Amino acid sequence: LIAALFIIAYLIGSISTAVWIGKAYYGVDIRQHGSGNSGATNTFRVLGKKPGTIVMLIDIFKGWVATSLAALLVIFNAVPADDLIFYQLAMGALAVVGHIFPVYERFKGGKGVATLLGMMLAIHLEVALMCMIIFVIVLFTSRYVSLGSMIAALAFPILLLLPRFHPDNPILIIFGFVVFAVVVLTHRKNINRLINGEESKANIKLGLRK
Ligand code: G3P
């Protein structure tokens, strides 16, 4: 059961929402436009608000479902309840890996942010919601989605260090810092563009502009 669920988590993450919606409804391969990223941000930028919102919600949902499915392992007595967090982290991480390296799209996927958010919502709702607020604040002040994503990813483990949000298992904090490192890695091109002043700014009213 454990192996089967791990594979399912990866396959759920691999669902390349942005590429498939772009091709099916707009005849566009999102990876050849805008930032070239197969994610919600680039869908907003290239195709508009409606498909952008749909891609964002599905990508968040992928992370949430894959993480939540770990509960089946406890329900079917495959693992002790105390170990649930490890399996949630493993399955959420596999969904994120699937999103970044999708098996159906020659392993060329997105940056993992929306799927990570879904995972974090399933694991620590309160802190995940605070990270969303931080993301929105950074987005509205800087108009850089990528900067908002990275700062929100850093905020997650930092908030967990506060006594009020301290998780039962400190593994979550370590995992949060590893996730931040992964987010920085997937945003390397964005970081270069930010440094050179070439990163595209979000047009808050109309979606995103190049
Ligand atoms: O979630 C991805 C976002 O942080 C950046 O996307 O398309 O601007 O590279 P993009």
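Thresholds applied
Residues numbered from 1 in each chain as written. Predicted model: local features only at pLDDT ≥ 70, side-chain atom pairs only at ≥ 80, totals over all residues. Heavy atoms only, no water. Helix = DSSP H or I, 4+ residues; strand = E, 2+ residues; numbered from the N terminus. Rg over C-alpha atoms; globule rule 2.2 N^0.38 Å. Buried < 20%, exposed > 50% of the residue type's maximum accessible area, 1.4 Å probe, protein only. Polar contact = N/O pair within 3.5 Å; in protein donor to acceptor, adjacent residues only side chain to side chain. Contact = heavy atoms within 4.5 Å. Near = heavy atom within 4 Å. Areas by Shrake-Rupley, 256 points an atom, 1.4 Å probe, with all protein chains shown as cover. 1 Å grid on protein atoms, 1.4 Å probe; cavity = no way out; pocket = protein on both sides within 12 Å on 5 of 7 lines; lining within 4 Å. Sits in = over half its atoms within 2 Å of the grid points. Phe/Tyr/Trp six-rings, centres within 6.5 Å; stacked < 30°, edge-to-face > 60°. Points joined across faces, edges and corners; volume = space filled by probe spheres on them. Nonpolar A, V, L, I, M, F, W, Y, C, P; charged D, E, K, R; others polar. Expected span 1.5 Å × (residues − 1). Arc of directions from axis to C-beta.

A.B. asks: Give me the lowdown on the overall build of the chain, citing residues and values where you can.
C.D. replies: Per the secondary structure count, the chain includes eleven helices and two strands. The order of α-helices and β-strands along the chain, N terminus first, is α-α-α-α-α-α-α-α-α-α-α-β-β. The C-alpha atoms of the chain give a radius of gyration of 17 Å, which matches the 17 Å a tight globule of 210 residues would have. For the C-alpha atoms alone, the extent of the chain along its principal axes is close to 50 × 40 × 25 Å. Across the 210 residues that make up the chain, the buried fraction comes to 49%.

A.B. asks: Tell me about the side chain of Asn42, residues and numbers included.
C.D. replies: Counting through the fold element by element, Asn42 comes out in helix H3 (residues 40-47). Polar contacts involving the side chain of Asn42 include one to the main-chain amide nitrogen of Ser35, which spans 3.0 Å. If we skip the residues at most four places from it in the chain, Asn42 touches Ile30, His33, Gly34, Ser35, Gly36, Asn37 and Leu47.

A.B. asks: Any details on the site of the ligand? Residues and values, ideally.
C.D. replies: Taken together, 13 residues sit near the ligand, with Ser35, Arg45, Lys111, Ser149 and His187 positioned nearest. Here an oxygen atom of the ligand sits 2.5 Å away from a polar atom, N or O, in the side chain of Ser35. A distance of 2.7 Å separates an oxygen atom of the ligand from a polar atom in the side chain of Arg45. Contact with the protein chains removes 94% of the 310 Å² of surface that the ligand exposes when unbound. Taken atom by atom, the bulk of the ligand overlaps the largest pocket. Put simply, the parts of the chain that give the shell around the ligand at least two residues each are H3, helix H9 (145-161) and helix H11 (188-195).

A.B. asks: Please set out the packing of aromatic side chains residue by residue, giving values where relevant.
C.D. replies: As enumerated under the stated definition, the model contains three aromatic pairs in all. Residues Trp20 and Tyr104 carry aromatic rings whose centres are separated by 5.5 Å and whose planes lie at 50° to one another, so their mutual orientation is tilted. Linking Trp20 in helix H2 (residues 17-26) with Tyr104 in the loop between helix H6 (84-100) and helix H7 (113-123), this pair joins segments that are 84 residues apart in sequence. Judged by its relative accessible area of 34%, Trp20 is partly exposed. Between the aromatic rings of Phe61 and Trp64, the centroid separation amounts to 6.0 Å while the plane-to-plane angle is 20°, which identifies the pairing as stacked. One end of the pair, Phe61, and the other, Trp64, are both in helix H4 (residues 49-68), three residues apart, so they sit about a helical turn from each other. In this structure Trp64 comes out as partly exposed when scored by relative accessible area, which is 39%.

A.B. asks: Help me get a handle on the layout of surface pockets, residues and values and all.
C.D. replies: To locate leftover empty space, one rolls a probe as large as a water molecule over the atoms. Here the largest pocket defines a volume of roughly 990 Å³. Class assignment for the residues of the lining of the largest pocket results in 26 nonpolar, 15 polar and six charged. Forming the boundary of the second largest pocket are 17 residues, of which Gly109, Gly110, Lys111, Thr186 and Arg188 lie nearest the centre. Within the residue set of the lining of the second largest pocket, elements represented by two or more residues are H6, helix H10 (171-186) and H11.

A.B. asks: Go over H10, please, and point to the residues and values.
C.D. replies: Under the 1.5 Å per step criterion, the end-to-end length of H10 is 22 Å for 16 residues, consistent within 8% with the ideal 22 Å. Among the residues making up H10, those that are buried are Leu172, Ile173, Phe175, Gly176, Val179, Val183 and Thr186. Down the axis of H10, the buried set is contained in an arc of 155°. They therefore lie on one face. Turned more than 90 degrees from where H10 packs its buried face, Ile174 and Leu185 sit exposed. The elements touched by buried residues of H10 are H6, H7, H9 and H11.

A.B. asks: Before we move on, can you summarise the side chain of Ser142 with the specific residues and values?
C.D. replies: Within the fold, Ser142 resides in helix H8 (residues 125-142). For Ser142, the side chain forms a polar contact with the main-chain nitrogen of Tyr144, separated by 3.0 Å. Non-local contacts of Ser142, meaning those with residues more than four positions away in its chain, are made with Leu147 and Lys201.

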